[in-house]
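This is what each chain is made of:
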Amino acid sequence: ALVTLVADAPGGSIDIVIADNVDYSNGYATPFPSSRIVIYAHPPTDVLELAYSRDWIELVVTHELAHIFHLDVSGGLGRLVRAIFGRVPAPWPVFNALATPVWSIEGLAVGVESAVTGLGRVHGSYHEMVVRTAALEDEIDSIDRLTSASPRWPGGSRVYIYGSLFMDYLARRFGPDASARIVRSTAGAIIPPPLWFGGVGRNALGMSFRDAYRDWSAELTERYTALAAELRVQALTASEAVTSHAGEAAYPRYSPDGAYIAYAAADWRSPGRTRVIDAATGEEVWSRRRNFTGPSSWLEDGMLVTSDLDYVDRFRVFSDLAIIADDAETRITDGARLIEPDVRRDGARIVAVQGDGAANRLVIVDANARVVRTLSGFDRTTLWSMPRFSPRGDRIAASRWRAGVSDIVVMDTLGRVLMETGGGAGMSGSPAWSPDEQWLLFWSDRTGIPNLFAAPLEGGALRQVTNVLTGAFHPDVSPDGAVIVYSGYHHEGFRIERIPFIPSQWRDPMPARGSELTERPAQDVARAAAFEGSLAAAVASADTSTGAPYRYKPVQYMRPYAWVPSVAIDRAGDDYLGVWLYGRDLVDRHAWELGAQVAPGSGRTRGHLTYQFRGLPTIPGLGLHPVPSFIIERDWDRPVRADSAGGSYVDEREDIGTFLLGFTRARIRTSTGCTVGGDVIHRARTLFNAPRRRLCDTDDDLLGVRGSAYYSRYSGAPYSISRENGVALQVGARRRWDREPVTCRISETRELTVDAGYSELTTWNAAYYALPLPGFARHVLAARFSGLYREGPNVSLGQIGGLNTSGLAIPGLASDIAGGGRLLPLRGVEEGERRGNRAWTASAEYRFPLTMVDRSLRPLPVFFDRLSGAGFLDAGHAWCDQATRDATTAAFCPSTSSGDAPIVSAGAELTAWLSAANAAIPVRFGAGWPIQGVSEAKARFYIVGGVSF
């Protein structure tokens, strides 16, 4: 099936890792260093877009295999490059499809998963709901937005939703082999496909993707306008909005007294939260930030029981139960893997879903969160979600999924099934009891559109509660039995809506309707059947013999699969030729990298070899994960000119061996860690073209120790223009000793001791505070302080000024952040304006959103998403202690006092948030003016990528 729909099979083996270390559903594929797939086993029981499958592992493996077949293809030039250099981690011309628009990559894979399994997302109702709603509300995404990393709803799901249905349209219009033709055209592209993807469409289909997308959009509008007219004849449900923000609003739950509603919220301007609102007015009463937006359940005292994801250790992200209130949060389980809790009215019992591998089960836990009873066993063929206690607490309703068919069932508290509402076509979920226990409400897409339904508990026919054009999910009934609240879909996302609870106005269920987009002609049905038959035949004839399980052997996967030639010119003026190699094992425990170069003219060699091991266990009690690293490197430099007029110079070779031991403590909201290590350094200097001179110190043997620590905790949201509400702190220290300082006589009366040892202390700190002011994103006050302190007889000088183009460095050692432009920026001032072995700089910024541009910058493959502004005030100072100044010159160390006036600059920036090659790139256009401490005060303008800090 994959050969038919995508391309010829890639050479070599395809390695698949199935991991049970996280409580969320996902998978990914990569074509390098070899063809590799990683699958997270946790089943997506209540993920609306993923639940329509016969088996989660079958679905996700098929999807990721489609990626492997797709991303592996290359044209003649690519095959030549790979024949010589191997699987080089680069797009065109090696892996041509790698940098094509993500909608085409994911759209193809979703189409394949649906064609091969017969279920999947193209056949489900969620994707169609999104495009149907957009068409009816005149908000169909443009193809330019599909090609971008736009945060607008539906955000990262856009490429899957629009991409899969658009690729499905191309298959229906241009033939079932349309995807395979697109893949072949991509592979043979002479111009890099990201720059000319429309040409790929014209070559494969005879029409550009832009023109085909325009036709598809028109077809959608026509089809759904007719559908809306048909449904309006049968009276649409008139609802009242309770919330109005964009993004997600799901799982509404009335408080026991009916005064409040709790729901899971993600408004795109702030992080996901459990939000409690006044049931009458919709005004927020209190909220708590969540890592994962799931359902919650009320306790009698006004607090909520919910579940949330977080790291158990460096490798595992599990879900646990917690009690939350407006001013407190208490986790009541640890590593129990419990989700979707519901509290019995007396508060003594909680029913929840417990995960394990690709299976789950229903359990009842007591008030101390101890499992007291299991209601079902772990069985991959039967999965559960969204259990709810009845008002009397003697029965439990839950959604049951069994081999692709979902149903709502009622059981007693021992797990015996008492009632089934009847599954069949489509998905059903989120049951809710009426207060009198006469009705069981739930959502179902059995009619083709997700609507609310009600099943009578004392016998009778199923009733359809809503008739909507978009989608209705997750109902709940007020304690007085007067109101139904639910999550209603609109083009900007979900919102909480309400309708009266009036059973007499409910209707007979509408006839089951196949998806308008997924009804297939007879030949496609036959093709799907043929895939099933060919798969069965292939399995029957294949060599599927397996041996006994054996311990994982990482070495066999760590060989280099590619080598990359390298060319460089160093500061000493030599031309170098060399090679770069790398390798990592399947589960990322081992990683190594080798770079080696030689200068043909001089015969000099330089390079590096690094190795890192991430397979050590987490330290019990501390939660710290140790990661050792080894580094060996050689480099050449020309730091000193002996005589600039005569052309003499000094060459320096430095050989360094380093051992580092890092400790990290990972949490979703925070990152904490430290690193300690040591160096062994040998320096050798050679004097050239200076016959009357000699070097005082030709060799240095140094020993060094270093350490650093960091802590960060801040938040963000899809529309954020900055980090928000938190801090990022880092400090680093280094000490080096010269094992054999050299004393040289430089005159009859003077001796000089050359000691290359020194001490260093650096720090980088930032703080962020969000202001809930108007705009598409929150305004932010941001501040930064960084500093440098060096001490030693031969210390090098730091310098302030210039731009910070890379934000905060990856947390590590002091040397990782000791560059002048990164550690000590000062906008509006040239880098090196002041130097010293003591230095600091600081910034204060006010950042504010301006507008959502939402336009493509054609003909460039760049999408202009949004625009923000900032005003800043920077300050900084650098100076030398007297000993350092005596050892250098006044020109290099003009200031000797920390009390001298610092340099101060002010300015403004515009940040254009651009998308290119499916990645968001903030580009800053700025101007800075020195207002103190600089002799020549003139404006300096700049354009630079990345955030300032």
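Parameters and conventions
Residues numbered from 1 in each chain as written. Predicted model: local features only at pLDDT ≥ 70, side-chain atom pairs only at ≥ 80, totals over all residues. Heavy atoms only, no water. Core = buried A, V, L, I, M, F, W, Y, C linked by side-chain atoms within 4.5 Å. Buried < 20%, exposed > 50% of the residue type's maximum accessible area, 1.4 Å probe, protein only. Contact = heavy atoms within 4.5 Å. Helix = DSSP H or I, 4+ residues; strand = E, 2+ residues; numbered from the N terminus. Pairing = 2+ DSSP bridges. Phe/Tyr/Trp six-rings, centres within 6.5 Å; stacked < 30°, edge-to-face > 60°. Lys NZ or Arg CZ within 6 Å of the ring centre and 35° of its normal. Expected span 1.5 Å × (residues − 1). Axes fitted to C-alpha atoms, helices over the stretch in contact; angles between N-to-C directions. Polar contact = N/O pair within 3.5 Å; in protein donor to acceptor, adjacent residues only side chain to side chain. pLDDT = per-residue confidence, 0-100. Patch = residues over 30% accessible without salt bridge, like charges linked within 9 Å, V, L, I, M, F, W, Y side chains within 5 Å. Areas by Shrake-Rupley, 256 points an atom, 1.4 Å probe, with all protein chains shown as cover. Salt bridge = Lys/Arg side-chain N within 4 Å of Asp/Glu carboxyl O. Parallel < 35°, antiparallel > 145°, perpendicular 65-115°, else oblique. Nonpolar A, V, L, I, M, F, W, Y, C, P; charged D, E, K, R; others polar.

1. Looking at the nonpolar core
For step 1, the next point in the chain: Counting 93 residues, the largest nonpolar core has Leu 170 and Phe 209 as the members making the most contacts within it.
For step 2, the next point in the chain: Residues in contact with Phe 209, not counting those within four places in the same chain, are Trp 103, Ile 143, Phe 166, Leu 170, Ile 182, Phe 197, Gly 198, Val 200 and Gly 201.
For step 3, the next point in the chain: Ala 766, Val 829, Ala 878 and Phe 949 belong to the second largest nonpolar core, which has 17 residues in total.

2. Points about the pairing of strand E1 (residues 15-19)
For step 1, the next point in the chain: Residues Asp 15, Val 17 and Ala 19 point to one face of E1 and are all buried, whereas Ile 16 and Ile 18, pointing to the other face, are not buried.
For step 2, the next point in the chain: In this structure, E1 lies alongside strand E3 (residues 36-40), joined through five bridges in parallel fashion. Bridge pairing in E3 places Asp 15 opposite Arg 36.

3. Section: the packing of aromatic side chains
For step 1, the next point in the chain: Counting across every chain of the model gives 31 aromatic pairs.
For step 2, the next point in the chain: For the pair Phe 85 and Trp 563, a centre-to-centre distance of 4.7 Å together with 55 degrees between the ring planes defines the contact as tilted. One end of the pair, Phe 85, is in helix H3 (residues 76-85); the other, Trp 563, is in strand E28 (residues 563-569), with 478 residues separating them in the sequence.
For step 3, the next point in the chain: For Trp 563, a relative accessible area of 34% corresponds to the partly exposed category.
For step 4, the next point in the chain: An aromatic cluster is defined as three or more aromatic residues linked by ring pairs; in this entry it consists of Trp 103, Tyr 162, Phe 166, Tyr 169, Phe 197, Phe 209, Tyr 213 and Trp 216.
For step 5, the next point in the chain: Geometry around Phe 318 places Arg 337 over its ring, the cationic atom sitting 4.1 Å from the centre.

4. Comments concerning helix H10 (residues 209-233)
For step 1, the next point in the chain: Counted at 1.5 Å a residue, the expected span for H10 with its 25 residues is 36 Å, and the 36 Å between its end C-alpha atoms agrees.
For step 2, the next point in the chain: Listed in full, the buried residues belonging to H10 are Phe 209, Ala 212, Tyr 213, Trp 216, Ser 217, Leu 220, Tyr 224, Leu 227, Ala 228 and Leu 231.
For step 3, the next point in the chain: For H10, the secondary structure elements touched by its buried residues are helix H4 (102-117), helix H5 (126-136), helix H6 (143-146), helix H7 (158-174), helix H8 (178-187) and helix H9 (197-205).
For step 4, the next point in the chain: Immediately beyond the C-terminal end of H10, within one or two residues, lies Ala 235, with a positive phi of roughly 70 degrees.

5. Thoughts on the environment of Ala 369
For step 1, the next point in the chain: Here Ala 369 shows up in the loop between strand E15 (359-366) and strand E16 (371-374).
For step 2, the next point in the chain: Distance from Ala 369 to Gly 302, taken between C-alpha atoms, is 19 Å for residues 67 residues apart in sequence.

6. Considering the sheet that holds E3
Pairing between the strands of a sheet is mediated by backbone hydrogen bonds and can be parallel or antiparallel.
For step 1, the next point in the chain: Here we have three strands laid out as an open sheet, ordered E1-E3-E2, and mixed in their pairing. Edge strands, defined here as strands with exactly one partner in the open sheet, are E1 and strand E2 (26-30). Taking each pair of neighbouring strands and ignoring which way they run, the sheet shows an average axis angle of 10 degrees.
For step 2, the next point in the chain: The pairing of E2 with E3 spans five bridges and is antiparallel. Across the sheet, Tyr 28 pairs through a bridge with Val 38, a residue of E3.

7. Thoughts on the side chain of Thr 186
For step 1, the next point in the chain: In this fold, Thr 186 is placed in helix H8.
For step 2, the next point in the chain: Looking at Thr 186, the relative accessible area reads 3%, which means it is buried.
For step 3, the next point in the chain: For Thr 186, the side chain forms a polar contact with the main-chain oxygen of Ile 182, separated by 2.8 Å.

8. Considering the sheet that holds strand E18 (residues 395-402)
For step 1, the next point in the chain: Strand order in the open sheet formed by four strands is E17-E18-E19-E20, and the pairing between neighbours is antiparallel. In this open sheet, the two edge strands, each paired with only one partner strand, are strand E17 (382-389) and strand E20 (417-420). In this sheet, adjacent strand axes meet at a mean angle of 30 degrees when their direction is disregarded.

9. Considering the confidence of the model for the protein
For step 1, the next point in the chain: Put simply, the protein has an average pLDDT of 90, and 93% of its residues get 70 or more.
For step 2, the next point in the chain: Confidence over residues 806-821 falls short of pLDDT 50; this stretch has 43 contacts with residues more than four positions distant or in other chains.

10. Examining a nonpolar patch on the surface
For step 1, the next point in the chain: A cluster of nonpolar side chains, Leu 77, Leu 80, Ile 84, Trp 92 and Trp 563, forms an exposed patch at the surface whose accessible area comes to about 480 Å².
For step 2, the next point in the chain: Sorting elements by how many residues they give to the nonpolar patch places H3 first, with three residues.
For step 3, the next point in the chain: Inspection of the secondary structure assignment puts Ile 84 in helix H3.

11. Focus on the packing of H7 against H10
The axes of two packed helices give the description: the angle between them and the distance between them.
For step 1, the next point in the chain: Running from N to C, H7 and H10 cross one another at 95 degrees; their axes reach a closest spacing of 11 Å. Accordingly, the angle class assigned to the pair H7 and H10 is roughly perpendicular. Residues Tyr 162, Leu 165, Phe 166, Tyr 169, Leu 170, Arg 172 and Arg 173 of H7 form the contact with H10, whose own contacting residues are Phe 209, Ala 212, Tyr 213, Asp 215, Trp 216, Glu 219 and Arg 223.
For step 2, the next point in the chain: Classifying every residue of the contact of H7 with H10 gives nine nonpolar, no polar and five charged.

12. Some words on H5
For step 1, the next point in the chain: For H5, the tally of buried residues reaches 10 of 11 residues, placing the bulk of the element in the interior.
For step 2, the next point in the chain: Contacts made by the buried residues of H5 are with H4, H7, H10, strand E25 (472-477), strand E26 (483-490) and strand E27 (493-500).
For step 3, the next point in the chain: At the C-terminal side of H5, Asp 138 shows a positive phi close to 55 degrees.

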